[in-house]
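Architecture and fold: a report
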Amino acid sequence: RNSRSVIEETLQSGTPTNLVYMEVIWPTMVEIEKLLRAEKITPAQEHLATRISRTIVDQLQNKLPRRQARNRKIAVCCAPDELQELGGQIIADLFESDGWDVRFLGGGLTNDDILTYVHEYSPDILLVYGTSPRQAPSVRQLIDRIKDVSANPNMQLMVSGGLFNRAEGLWQEIGADAFAATAEQALEIATGSTPIEQISRTINRRKRKRTDISAEAQQEDAKIVA
């Protein structure tokens, strides 16, 4: 109830719904993830907080502004075992608001499922959202498969989520075309406000910063990069 009151007050102050997504809900989601990784909240508390945020997003979706159709398509999916789909949902909603034809697949799909859908839908961008270090190998395999079979050679591969925020340069190592730290950056890159950086794979050339994650998470990251 208190969370809904905060959002309602923000909207009544004249703040556009898309800014509520980017400047209230997204930062809150990131902070919840940090608290969990630092073991300052329990998994149950994290699930509760995330569910509250997702319920609010569901209620706000129809209040987003609608831009004229761009005639461009994006598919947003989460890493196969991703339980926290909220970030992907926020990105999908904001792209739809911006005039894109959007398909939000969420998590729980195999790489083969995603590959088949990409081949059928032929999006301009495939965005993969992930939060856990253990998901990196699967995302790498998906990108490798897409490039090997050339399902859509003109499609750009973008990644986002805490997994890539915490591991500097990981997006390059796994062969993605672009990385967006936030939903706002994803839109900027996709619309050309920030150019998509064309990169080549740079395996084993990453330096990583570790400031706000637990020792256990650091060990997980080290294992998947090795």
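See the structure above.
Residues numbered from 1 in each chain as written. Predicted model: local features only at pLDDT ≥ 70, side-chain atom pairs only at ≥ 80, totals over all residues. Heavy atoms only, no water.

Quick notes on the pairing of strand β2 (residues 101–106)
Operational definition: One bridge is not enough; two strands pair if DSSP finds at least two bridges between them. Secondary structure counts use DSSP, requiring at least four H or I residues in a row for a helix and at least two E residues in a row for a strand, with both numbered from the N terminus. Whether a crossover is right-handed depends on one test, that the path from the first strand over the helix to the second runs clockwise when the strands point away from the viewer.
In this sheet, β2 lies alongside strand β1 (residues 73–78) in parallel orientation, the contact comprising five bridges. Across the sheet, Val76 pairs through a bridge with Phe104, a residue of β2. Each parallel crossover has a hand, and the one from β1 via helix α4 (residues 86–97) to β2 is right-handed.

Re the nonpolar core
Stated precisely, the cut-off is as follows: For the purposes of this section, nonpolar cores are sets of buried Ala, Val, Leu, Ile, Met, Phe, Trp, Tyr and Cys residues that join through side-chain atoms within 4.5 Å. Only protein chains enter the accessibility calculation, which uses a 1.4 Å probe; a residue is then buried when its area is under 20% of its type maximum, exposed when over 50%, and partly exposed in between. For this analysis, residues touch if any pair of their heavy atoms sits within 4.5 Å.
Among the nonpolar cores identified, the biggest contains 34 residues, and Ile90 and Phe95 are the most heavily contacted of them. Of all elements in the fold, only α1 (2–12), α2 (17–37), α3 (43–60), β1, α4, β3 (125–129), β5 (178–180) and α9 (183–191) reach the threshold of two or more residues within this core. Sequence-distant contacts of Ile90, defined by excluding residues within four places in its chain, comprise Tyr21, Ile25, Trp26, Met29, Val57 and Ala183. If you look at the next biggest cluster of nonpolar residues, it comprises 24 residues, including Ile114, Ile146, Trp171 and Ile174.

Thoughts on the sheet that holds β1
Worth spelling out the cut-off: With axes taken as lines fitted to C-alpha atoms, and helix axes fitted only over the stretch in contact, angles between N-to-C directions fall between 0 and 180 degrees.
What the five strands build is an open sheet, ordered β2-β1-β3-β4-β5; its pairing is parallel. Unpaired on one side and paired on the other, β2 and β5 mark the two borders of the sheet. Sheet twist, expressed as the average angle between the axes of neighbouring strands with direction ignored, equals 20°. Bridging between β3 and strand β4 (residues 156–160) involves five bridges; their strand directions are parallel. Across the sheet, residue Tyr129 finds its bridge partner in β4, namely Ser160. Sitting on the sheet, α9 is in contact with β3, β4 and β5, with an inclination near 145° to β5.

Side note on the side chain of Ser53
Following the sequence through the fold, Ser53 ends up in helix α3. Take Ser53: its relative accessible area is 9%, and that puts it in the buried class. Each residue touching Ser53, except ones within four places of it in the same chain, is listed here: Thr28, Ile32 and Leu86.

Quick word on the environment of Arg72
Rule in force here: Throughout this description, a polar contact denotes any pair of N or O atoms lying within 3.5 Å of each other; where both atoms belong to protein, one of them has to be capable of donating a hydrogen while the other can accept it, and for residues adjacent in sequence the pair is counted only when both atoms sit in side chains.
With respect to the helices and strands, the residue Arg72 is situated in the loop between α3 and β1. Residue Arg72 is classed as partly exposed on the basis of its relative accessible area, which comes to 30%. When the C-alpha atoms of Arg72 and Pro123 are compared, they prove to be 7.5 Å apart, with 51 residues separating the residues in sequence. When near neighbours in sequence (up to four residues on either side) are disregarded, Arg72 contacts Trp100, Asp101, Asp124 and Ala190. There is a polar contact of 2.8 Å between the side chain of Arg72 and the backbone oxygen of Ala190.

Regarding the packing of α3 against α4
Note the threshold: Angular relationships are summarised with four words: roughly parallel below 35 degrees, roughly antiparallel beyond 145, roughly perpendicular across 65 to 115, and oblique for the angles in between. By definition, any crossing whose near helix is turned counterclockwise from its far helix by less than a right angle is left-handed, and any crossing with a clockwise turn is right-handed. Classes in brief: Ala, Val, Leu, Ile, Met, Phe, Trp, Tyr, Cys and Pro nonpolar; Asp, Glu, Lys and Arg charged; the others, Gly included, polar.
Between α3 and α4, the shortest axis-to-axis distance is 10 Å and the interhelical angle comes to 15°. By the angle between their axes, α3 is roughly parallel relative to α4. In this structure, α3 meets α4 at a crossing whose hand is left-handed. Across the interface between the two elements, Thr50, Ser53, Arg54, Val57 and Asp58 from α3 touch Leu86, Gln89, Ile90 and Asp93 from α4. Taken together, the residues that form the contact of α3 with α4 break down as three nonpolar, three polar and three charged.

Focus on the packing of aromatic side chains
Any two aromatic rings considered together are summarised by their centre-to-centre distance and by the angle between their planes. Cut-off, in case you're wondering: Between 30 and 60 degrees the pair is tilted, below 30 it is stacked and above 60 it is edge-to-face, where a pair is any two Phe, Tyr or Trp rings, Trp via its six-membered ring, whose centres lie within 6.5 Å. Here, a charge over a ring means that NZ of Lys or CZ of Arg falls within 6 Å of the ring centre while also lying within 35 degrees of the ring normal.
Considering all chains together, one arrives at three aromatic pairs under this definition. Residue placement shows Lys73 over the ring face of Tyr121; its charged tip is 4.6 Å from the ring centre.

Regarding the packing of α2 against α4
Contact geometry of α2 with α4 gives a least axis separation of 11 Å together with a crossing angle of 170°. By the angle between their axes, α2 is roughly antiparallel relative to α4. Together, Asn18, Tyr21, Met22, Ile25, Trp26 and Met29 of α2 and Leu86, Gly87, Ile90, Ile91, Asp93 and Leu94 of α4 make up the contact between the two elements. Here the residues of the contact of α2 with α4 are counted per class, giving nine nonpolar, two polar and one charged.

A word on α9
We apply this condition: By arc we mean the arc of the directions from the helix axis to the C-beta atoms, nothing more.
Listed as buried for α9 are Ala183, Ala186, Leu187, Ile189 and Ala190. Viewed end-on, α9 has its buried residues packed into an arc of 165°, placing them on one side of the element. Elements in contact with the buried residues of α9: α2, α4, β3, β4 and β5. Gly192, located one to two residues past α9, shows a positive phi value of around 95°.

Bear in mind that shape data such as this cannot, by itself, settle questions of function.
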